[in-house]
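Structural characterization, general
What follows is each chain in one-letter form.
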Amino acid sequence: MKAFALIFTLRIICFLSPCLASSSSLSAKSSPYYQSITALDKYGNSPQIRNARLASSKHGALVVAAVSDKDNTIVVCTLHTPRMGVKRCLKNEAVGVVQSHGHSLHVIAASDEATYDEIKGNSFGSAITALVCSGVKSDSNLLISLLRSHARRVWDRYDIIPSVDRVADSTSEIFLTFMGYDRSKEIMDGVGPSVEESNGDDEFSMSRPFGVQALIVGVGQGGPRQTHATLKSVDPSGVTLSWFARAMGKGSDTANKLLREKWRHNMEKEDLVVLCVEIVREVLQKELGEDFKSAHEGSEIVCETLNQHGIQVQQIPV
């Protein structure tokens, strides 16, 4: 009797195994968003990074930034839409006030003392490195916190603030933590990796890519008696590129096309503000048509101007 029950059980298992295999393969094919972080498609691209880039470019706030190589100034314009139940009050700040929060441009590091030219008697202001993100808000807050912690360690070690290049490299390293690379044998300086290891705890790691794109902006010393404005972008894949003008977020494809057509060298700061504001309005008009003003009633374009003297904030109606 026991032998008959065993044979009957084995027959049932053999009969159901093809059905179970086909159902598991069907569920794997029907859920393309649930894939391994190291999986690649047939073209050799990472679906996880593609989804992160899509989340930041299609659902992130529109950000337009441009550099004035004549005034060594960077203009960053973002579209702010009021949310129900959230009270938000912005004030026009005077030049020279460096803010660390409250607007889209987040200061990562800034020197307190201005650089003084003893030969000509001119003050060149302080060096400032800042960041603006577009995408998942929680990922942006985590990225800003990690970069500020890294900037403090750079200051403690070398008594300098990290440049735009260094912050961009650190951002790229943080973006790639989800890949699980072992950086213990890499050659580094005294600061160490961008993400500080916890005492006795596991190392920092991400189970998915960061769903944000980042623009690193900064003004610092570019040589004797001169300042230099820099703009860099960091993709969710960790790719870092330098730009004179760049847009990201929803509608960034149209905005980047307009920037390539209209941005010119030796533009004044005031002209850059007008250019960025016009591009934001053109993108909104293209997406929503002639009714974009009524659709964005109460919204405003926040223009933040970064130079060697600090950050100036302006509010411009849509």
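This structure is a prediction, so every number in the text was calculated from the model and none was measured. Within every chain, residues take consecutive numbers counted from 1 along the sequence as written. Under the rules for a predicted model, residues below a pLDDT of 70 receive no local features and side-chain atom pairs below 80 are neither given nor counted, while totals for whole chains, interfaces and linings still include all residues. Side-chain measures were taken over the full set of non-hydrogen atoms in the model, leaving aside hydrogen atoms and water.

Observations concerning the pairing of strand β1 (residues 63-68)
Quick reminder of the rule: Relative accessibility thresholds used throughout: buried, under 20% of the residue-type maximum; exposed, over 50%; partly exposed, between the two (1.4 Å probe, protein chains only). For helices the rule is a DSSP run of H or I covering at least 4 residues; for strands it is a run of E covering at least 2, with both sets numbered from the N terminus onward. Strands were regarded as paired on the criterion that DSSP finds at least two bridges between them.
Counted residue by residue, β1 has six buried out of six residues, so it is predominantly covered. Burial of the side chains of β1 extends over both faces: V63, A65 and V67 are buried on one face and V64, A66 and S68 on the other. Hairpin connection between β1 and strand β2 (residues 73-80): a loop of four residues separates the two successive antiparallel strands, and N72 in this loop has a positive phi of roughly 50°. Inspection of the sheet shows β1 paired to strand β10 (residues 245-248) by four bridges, in the antiparallel sense. The partner of A65 across the bridge, within β10, is R246.

Examining the sheet that holds β2
Our working rule: Angles run from 0 to 180 degrees between N-to-C directions of axes, and those axes are lines fitted to C-alpha atoms, restricted for helices to the stretch in contact. Whether two residues touch is decided by their heavy atoms; if any such pair falls within 4.5 Å, the residues are in contact.
Reading across the sheet, the five strands line up as β10-β1-β2-β11-β12 and stay open at both edges, with antiparallel pairing between neighbours. Strands with a single pairing partner mark the edges of an open sheet, and in this sheet they are β10 and β12 (310-317). Neighbour-to-neighbour, the strand axes of this sheet turn through a mean angle of 15°, independent of strand direction. Bridge analysis of β1 against β2 gives six bridges, and the strand direction is antiparallel. Note on β2: the bridge partner recorded for S68 is T73. Packing of helix α5 (residues 252-262) onto the sheet brings it into contact with β1 and β10, and relative to β10 it is tilted by some 165°.

A short note on the pattern of salt bridges
What counts here: A carboxyl oxygen of Asp or Glu within 4 Å of a side-chain nitrogen of Lys or Arg is what we treat as a salt bridge.
This model, assessed by the stated rule, comprises five salt bridges. The residue E282 makes a salt bridge to K262 at a minimum N-O spacing of 2.7 Å. With E282 in helix α6 (residues 269-288) and K262 in helix α5, this residue pair connects regions lying 20 residues apart in the sequence.

What to know about the environment of E304
The line we're drawing: N or O atoms closer than or at 3.5 Å make up a polar contact, with two conditions inside protein: a donor-capable atom paired with an acceptor-capable one, and, for residues adjacent in sequence, both atoms drawn from side chains.
You can see E304 is positioned in strand β11 (residues 300-307). C-alpha of E304 to C-alpha of V76: the two residues are 228 residues apart in sequence and 5.2 Å apart in space. At 3.5 Å, the side chain of E304 and the backbone nitrogen of S104 are in polar contact. At 3.3 Å, the side chain of E304 forms a polar contact with the backbone nitrogen of L105.

Points about the confidence of the model for the chain
Selection rule: Per residue, pLDDT measures the predictor's confidence, with a range of 0 to 100.
Taken over all residues, the pLDDT of the chain has a mean of 77, while the share at 70 or more is 69%. Across residues 15-30, where pLDDT falls below 50, the model places zero contacts with residues more than four positions away in sequence or in other chains.

What about the packing of helix α3 (residues 137-158) against helix α4 (residues 164-175)?
For any two helices packed against each other, the geometry comes down to the angle between their axes and how far apart the axes lie. Test applied: These descriptions rest on fixed angle ranges, namely under 35 degrees for roughly parallel, over 145 for roughly antiparallel, 65 to 115 for roughly perpendicular, and the rest for oblique. Handedness of each helix crossing follows the sense of rotation of the near helix against the far helix: counterclockwise by less than a right angle gives left-handed, clockwise gives right-handed. The nonpolar class holds Ala, Val, Leu, Ile, Met, Phe, Trp, Tyr, Cys and Pro. Asp, Glu, Lys and Arg form the charged class, and all remaining residues, Gly among them, are polar.
For the pair α3 and α4, the least separation of the axes is 11 Å and the interaxial angle reads 130°. On the basis of their axis angle, the class for α3 and α4 is oblique. The element α3 and its partner α4 pack so that their crossing is right-handed. Between α3, through L143, L146, L147, H150 and V154, and α4, the contact on the second element is made entirely by R166, V167, S170, T171, I174 and F175. In the contact of α3 with α4, the residues fall into seven nonpolar, three polar and one charged.

Some details on the side chain of S57
Secondary-structure assignment places S57 in helix α2 (residues 47-59). When its relative accessible area of 17% is taken as the criterion, S57 is described as buried. Discounting chain neighbours no more than four positions away, the residues touching S57 are Q213, G249, K250 and G251.

Regarding the nonpolar core
Here is the rule: Here, nonpolar core means buried Ala, Val, Leu, Ile, Met, Phe, Trp, Tyr and Cys residues that are tied together by side-chain atoms lying within 4.5 Å of each other.
Counting 26 residues, the largest nonpolar core has V64, I279 and I301 as its most contacted members. Of all the elements, α6 adds the most residues to this core, at nine residues. If we ignore the near neighbours within four places in the chain, the residues touching V64 are V75, V76, C77, R246, A247, A255, L259, C276, I279 and V280. Among the nonpolar cores identified, the runner-up in size contains 24 residues, and I49, I108, I144 and L146 belong to it.

Re the packing of aromatic side chains
Heads up, the rule is: Paired rings are identified among Phe, Tyr and Trp, the last through its six-membered ring, by centres lying within 6.5 Å, and are further divided according to the angle between planes into stacked (under 30 degrees), edge-to-face (over 60) and tilted (the rest). Two conditions define a charge located above a ring, namely a distance within 6 Å from the ring centre to NZ of Lys or CZ of Arg, and an angle within 35 degrees of the ring normal.
By the definition in use, this model includes two aromatic pairs. Residues F244 and W263 carry aromatic rings whose centres are separated by 5.1 Å and whose planes lie at 20° to one another, so their mutual orientation is stacked. Of this pair, F244 sits in the loop between β9 (240-242) and β10 while W263 is found in the loop between α5 and α6, placing the two residues 19 residues apart along the sequence. Between R246 and the ring centre of W243, over which it is positioned, the NZ or CZ distance is 4.1 Å.

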